[in-house]
Amino acid sequence: MKKILIAGGAGFIGSHLCKKLLEENNEVICIDNLLTGQKNNIYNHKNYKFIKNDIINPIDIKVDEIYNLACPASPKQYFKYPIYTTKISVIGTLNLLELAYKYNAKFLQASTSEIYGDPEVHPQTEEYFGNVNTIGPRACYDEGKRCAETLCSNFKREKNINVKIVRIFNTYGPHMRADDGRVISNFIVQALTNKDITIYGDGKQTRSFCYVDDLVNGLIKMMNSNENGPINIGNPEEYSIIEVAEKIINLTNPKSKIKFLNKMEDDPKVRKPDIKKAKKLLNWQPKISFNEGLKKTIKYFKEQL
Ligand code: NAD
Ligand code: UDP
């Protein structure tokens with residue numbers, strides 16, 4: 001039985017990861033300060049322990065593996081705490097890397113497609129260095145995550161820590177907060193509550209959406225592999241935001257209307273992962289189609305609302 005620490009384990013992805021690792025008979029320690037997480041995502045299980053802590057404050061627990069998912073991930077959330085978001089990514093990641101060093105634990109960093117910024121290369125391969133506006137509103141998150149990748153790489157180089165960098169692309173599914181602010185949760189909640197569907201800009205910008213179960217399988221495969229990454233994990237099915245709105249309207253409330261609002265500053269115009277590396281090195285690829293994943297997510301929000 002492995003002892004596994006999940007920082008950010010009460011969040012959307014973290015809660016699914018904790019569940020899966022418990023099912024695989026591990027001891028799970030979830031560390032979270034509930035900044036963007038939910039109490040409902042905390043489990044009552046004999047092999048699970050919840051510790052309320054901010055990763056900016058170091059913690060000393062002997063573990064075999066660390067997954068670092070602690071960080072606000074939705075633009076709506078990190079726009080509220082820009083300085084704190086960078087601090088979490090840089091100081092928080094540094095603290096957890098020190099812990100990995102102390103106990104020779106494996107370390108997986110939840111990095112992001114946002115490190116590619118508003119990309120000039122499409123689809124995005126791991127070799128692309130990105131296009132981030134360092135002084136723009138998204139930089140608190142993007143640059144924090146870029147620096148976290150740098151810290152991980154240097155802990156590997158200097159201290160020989162077994163680090164793994166996964167670049168996660170847009171992920172969705174049950175356990176997202178209804179007020180999280182990301183496009184899938186917003187559109188579903190708006191449609192189910194008879195509110196207008198809010199599109200920022202002209203809606204021609206694209207994203208590629210991965211269902212959370214597929215993503216979690218990818219994270220665990222990465223941890224159990226000999227790879228250090230970075231490796232993109234995401235679903236390459238690409239849609240414009242208008243197409244996303246139309247799909248969700250068709251599956252929920254055909255009477256919903258679309259309302260166009262101002263474009264967000266520095267909003268990436270396109271995004272789609274190149275997943276050749278994940279396929280070849282991890283034997284991973286997504287299995288759940290967008291329609292199937294949306295249906296499961298809509299069911300979850302219907303129950304919540
Ligand atoms: P989320 O906001 O639901 O989860 C983040 C969790 O971290 C929350 O429970 C929050 O309370 C916790 N947290 C935040 N700051 C903390 C701190 N200082 N100390 C302790 N806990 C803290 O977001 P998510 O979608 O589950 O994302 C999880 C991770 O995956 C994040 O690191 C995010 O950057 C990364 N990621 C997610 C996506 C996505 O589409 N969901 C895409 C790319 C990367
Ligand atoms: N978006 C939108 N309406 C919303 C929420 C998001 O049009 O209510 C757009 C947003 O401008 C972006 C895309 O949907 O182009 C994805 O946004 P999200 O916040 O989900 O994730 P991002 O990929 O931007 O981090």
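Residues numbered from 1 in each chain as written. Chains lettered and ligands numbered in written order. Predicted model: local features only at pLDDT ≥ 70, side-chain atom pairs only at ≥ 80, totals over all residues. Heavy atoms only, no water.

Trainee: Looking at this model, I keep getting lost on the site of ligand 2. Mind explaining?
Mentor: Within the structure, ligand 2 sits among 18 residues, and V183, T198, R207, D267 and R271 are positioned closest to it. Between ligand 2 and R207, the relevant distance is 2.7 Å, taken from an oxygen atom to a side-chain nitrogen or oxygen of the residue. Here R271 contributes a side-chain N or O atom positioned 2.8 Å from an oxygen atom of ligand 2. Summarising the interface, the protein chains cover 97% of the accessible area of ligand 2, which totals 510 Å² for the free molecule. Elements supplying a minimum of two residues to the shell around ligand 2: α5 (183-192) and β8 (197-200). A per-class count over the shell around ligand 2 returns seven nonpolar, five polar and six charged. (Near = heavy atom within 4 Å. Polar contact = N/O pair within 3.5 Å; in protein donor to acceptor, adjacent residues only side chain to side chain. Areas by Shrake-Rupley, 256 points an atom, 1.4 Å probe, with all protein chains shown as cover. Helix = DSSP H or I, 4+ residues; strand = E, 2+ residues; numbered from the N terminus. Nonpolar A, V, L, I, M, F, W, Y, C, P; charged D, E, K, R; others polar.)

Trainee: Sorry if this is basic, but what is going on with the site of ligand 1 here?
Mentor: Lining the immediate environment of ligand 1, one finds 30 residues, of which D32, T36, Y141, K145 and T171 sit closest. Measuring from an oxygen atom of ligand 1, one finds a side-chain N or O atom of D32 at 2.6 Å. L69 has a polar backbone atom sitting 3.0 Å from an oxygen atom of ligand 1. Relative to its unbound accessible surface of 820 Å², ligand 1 loses 97% to contact with the protein. Those elements giving two or more residues to the shell around ligand 1 turn out to be α1 (12-23), α3 (82-103), β5 (106-112) and α4 (139-159). Of all the elements, β5 adds the most residues to the shell around ligand 1, at three residues. Broken down by class, the residue content of the shell around ligand 1 amounts to 16 nonpolar, ten polar and four charged.

Trainee: How do you make sense of the packing of aromatic side chains when you look at a structure like this?
Mentor: Each aromatic ring pair is summarised here by two numbers: the centre-to-centre distance and the angle between the ring planes. Enumeration over the complete set of coordinates arrives at twelve aromatic pairs. For the pair Y78 and F79, a centre-to-centre distance of 5.4 Å together with 85° between the ring planes defines the contact as edge-to-face. Look at F79 and you get partly exposed, because its relative accessible area is 33%. One aromatic cluster is present, built from ring pairs that chain together Y172, F209, Y211, Y239 and F290. The ring of Y101 has K159 sitting right over it, with the charged end atom 4.4 Å from the ring centre. (Phe/Tyr/Trp six-rings, centres within 6.5 Å; stacked < 30°, edge-to-face > 60°. Buried < 20%, exposed > 50% of the residue type's maximum accessible area, 1.4 Å probe, protein only. Lys NZ or Arg CZ within 6 Å of the ring centre and 35° of its normal.)

Trainee: What is the right way to read the pattern of salt bridges from this model?
Mentor: Side chains that differ in sign of charge can pair as their charged atoms come close. Using the criterion set out here, one finds 16 salt bridges in the structure. Note that K19 and E23 form a salt bridge whose closest N and O atoms lie 3.3 Å from each other. Residue K19 and its partner E23 are both found in helix α1; the two are separated by four residues, about one turn of the helix. Residue classification places E23 among the exposed positions, given a relative accessible area of 55%. Residue R167 pairs with E149 through a salt bridge whose shortest N-O separation is 2.8 Å. Of this pair, R167 sits in strand β6 (residues 163-168) while E149 sits in helix α4, and the two are 18 residues apart along the sequence. Taking relative accessible area as the criterion, E149 reaches 9% and is therefore assigned buried. (Salt bridge = Lys/Arg side-chain N within 4 Å of Asp/Glu carboxyl O.)

Trainee: Mind showing me how you'd approach the nonpolar core here?
Mentor: Generally speaking, soluble globular proteins have nonpolar side chains that are buried together. Of all hydrophobic cores here, the largest spans 56 residues; its most connected members are I13, L17, Y67, I184 and L219. Among the elements that take part in this core, helix α6 (residues 212-224) stands out by supplying seven residues, more than any other. The contact partners of Y67, leaving out residues within four places of it in the chain, are I4, L5, I6, A7, L17, L21, L108, L219, I220 and M223. I31, I66, Y141 and V163 belong to the second largest nonpolar core, which has 28 residues in total. (Core = buried A, V, L, I, M, F, W, Y, C linked by side-chain atoms within 4.5 Å. Contact = heavy atoms within 4.5 Å.)

Trainee: Any chance you could explain α1 here in plain terms?
Mentor: For the α-helix, the turn length of 3.6 residues means that residues three or four positions removed from each other point alike. For α1, with twelve residues, the first-to-last C-alpha span of 17 Å sits near the 16 Å given by 1.5 Å per residue. For α1, the tally of buried residues reaches nine of twelve residues, placing the bulk of the element in the interior. Among the residues of α1, those classed as buried are F12, I13, G14, S15, H16, L17, C18, L21 and L22. One or two positions beyond α1, positive phi appears at N25, with a value near 70°. (Expected span 1.5 Å × (residues − 1).)

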